[in-house]
Amino acid sequence: MKVAVTAASGKLGAAIVKKLLEMLPAEQVVGCARNIEKAQSLGIEVRAGDYNNKSHFTAAFTDIDAVMLVSGMDTPENRIGQHRNVIQAAREAGVKKIIYTSIIGETIGTSFSPIVAGNRQTEDDISNSGMHWSIGRNGLYIEPDVEYLEHYIKAGNISNCAGEGKCSYTTRSELGYAYSMMLLGDEHNGKTYNLAGEPINQQQLTDFFNSTFGLNLVYEPLSVEEYKEQRTAERGEFLGNIIAGIYASISNGSFAVSSDFAKAAGRKHISWEEYFRQLAPKG
Ligand SMILES: NC(=O)c1ccc[n+]([C@@H]2O[C@H](COP(=O)([O-])OP(=O)(O)OC[C@H]3O[C@@H](n4cnc5c(N)ncnc54)[C@H](OP(=O)(O)O)[C@@H]3O)[C@@H](O)[C@H]2O)c1
């Protein structure tokens, strides 16, 4: 069996490749990337794969049995067509199975909802593709919060508009494991899984940071408008709006899902206690 992972130059694509390499010889794993150089360090063959260019994937998939389609980063309108390029090229190349990294959340209600709706459209395109398929709906990555810790420390607080809402976070490494198992196991065909750990709220996240790193951060809830204004000033209109929408989605409960991680991976998701224990400074 030979598998191809798209967006292999990105963090999730790389995490999936890394886990696949624990299960398959390197000759059976191919990466696709719009910038081949960026994915060279993975130690596998990397082929051209720009989502805007269907012919890249037609060429890349000639000897591929299963494709892992990692969602792109464009606007929802552009992304649907980009993903269709991959799906159509896979079908035409005779690929037997395709797996898609979707997202949890609701298609209406916040400024993040259009992104969710775009993901649901690709889910429909995947399940109607005529190939075997599986879909993972990813929880929110926890790593960006960890990477943002210096900013939280500087501010002395974690402030956003999630309020008391719980969020189903996950890690890219755990997703990499689940998607590798989904790629290799036929029992996952035709299944859609929520892939996440135990839902936690922002106060619990703050407590994990405090106990892990010996900090005294406080959680400060903001209104959606206040938070949107703050994020837009820092990240610009497009991203600010999306980030505020994500936290508004946590606040309204649409990011707290029951997880199917164990069904996909054959084992439990890492607990947040264990995840933060591993992050704790040694000595
Ligand atoms: N669940 C979550 O919390 C969460 C958060 C953020 C994003 N996401 C979604 O999950 C996906 C993977 O996340 P990540 O952490 O791996 O993000 P990342 O590290 O930013 O990687 C994004 C990947 O998409 C690739 N890409 C963008 N446009 C492309 C195009 N036209 N053709 C081919 N490749 C293209 C990028 O290629 P380059 O390396 O050339 O830029 C990169 O490999 C994201 O793309 C996004 O859809 C999920």
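This write-up is about the structure you can find in this document. Residue numbering note: each chain is counted from 1, following its sequence as written. Only residues with pLDDT of at least 70 get local features here, since the model is predicted, and only at 80 or more are side-chain atom pairs given and counted; chain-wide, interface and lining totals rely on the full set of residues.

## Focus: the nonpolar core
Inference 1: What makes a nonpolar core is a set of buried Ala, Val, Leu, Ile, Met, Phe, Trp, Tyr and Cys residues, with links drawn between C-beta atoms within 7 Å. Buried, partly exposed and exposed are defined by the number of other C-beta atoms within 10 Å of a residue's own C-beta, namely 20 or more, between the two limits, and 12 or fewer respectively, with C-beta atoms placed from the backbone. Counting residues in each nonpolar core, the largest one holds 72 residues, and the members touching the most others are Ala4, Ala8, Val67, Met68, Ile98 and Ala178.
Inference 2: In terms of residue count, helix 7 (residues 172-184) provides more of this core than any other element does, 7 residues in total.
Inference 3: Contacts here follow a simple rule: the backbone-placed C-beta atoms of the two residues must lie within 7 Å. Once residues within four sequence positions are removed from consideration, alanine 178 is found in contact with Gly136, Leu195, Phe261, Ala264 and Ala265.
Inference 4: Counting 6 residues, the second largest nonpolar core, distinct from the first, contains Tyr152, Ile158, Phe209 and Tyr219. Only DSSP runs of H or I with at least four residues qualify as helices, and only runs of E with at least two residues qualify as strands; both kinds are numbered from the N terminus onward.

## A closer look at the packing of helix 1 (residues 11-20) against helix 7
Inference 1: Fitted lines through C-alpha atoms give the axes, limited to the stretch in contact for helices. The angle between two N-to-C directions lies from 0 to 180 degrees. Orientation of helix 1 relative to helix 7, taken along the N-to-C sense of each, is 55°, at an axis distance of 8 Å. Classified by the interaxial angle, the pair formed by helix 1 and helix 7 is oblique. Classified by chirality, the crossing of helix 7 by helix 1 is right-handed. Contact residues: Lys11, Leu12, Ala15, Ile16, Lys18, Lys19 and Leu20 in helix 1; Arg172, Ser173, Leu175, Gly176, Tyr177, Tyr179 and Ser180 in helix 7. Should an angle fall under 35 degrees it is called roughly parallel, over 145 degrees roughly antiparallel, and 65 to 115 degrees roughly perpendicular, with every other angle called oblique. The hand of a helix crossing depends on one turn: near helix anticlockwise from the far one by less than a right angle means left-handed, and clockwise means right-handed.

## Digging into the site of the ligand
Inference 1: Any residue whose C-beta atom, as set from the backbone, lies within 6 Å of a molecule or strand is reported as near that molecule or strand. Taken together, the neighbourhood of the ligand is formed by 24 residues, with Ser9, Gly10, Leu12, Tyr51 and Ser71 sitting nearest.
Inference 2: Counting residues per element, the ones that place at least two in the shell around the ligand are helix 1, strand 5 (97-103) and strand 7 (140-141).
Inference 3: No other element matches the 3 residues that helix 1 contributes to the shell around the ligand.
Inference 4: Considered class by class, the residues forming the shell around the ligand number 8 nonpolar, 11 polar and 5 charged. Following the grouping adopted for this structure description, the nonpolar residues are Ala, Val, Leu, Ile, Met, Phe, Trp, Tyr, Cys and Pro, the charged ones are Asp, Glu, Lys and Arg, and the polar ones are all others, Gly among them.

Distances and angles like these do not, on their own, reveal function.
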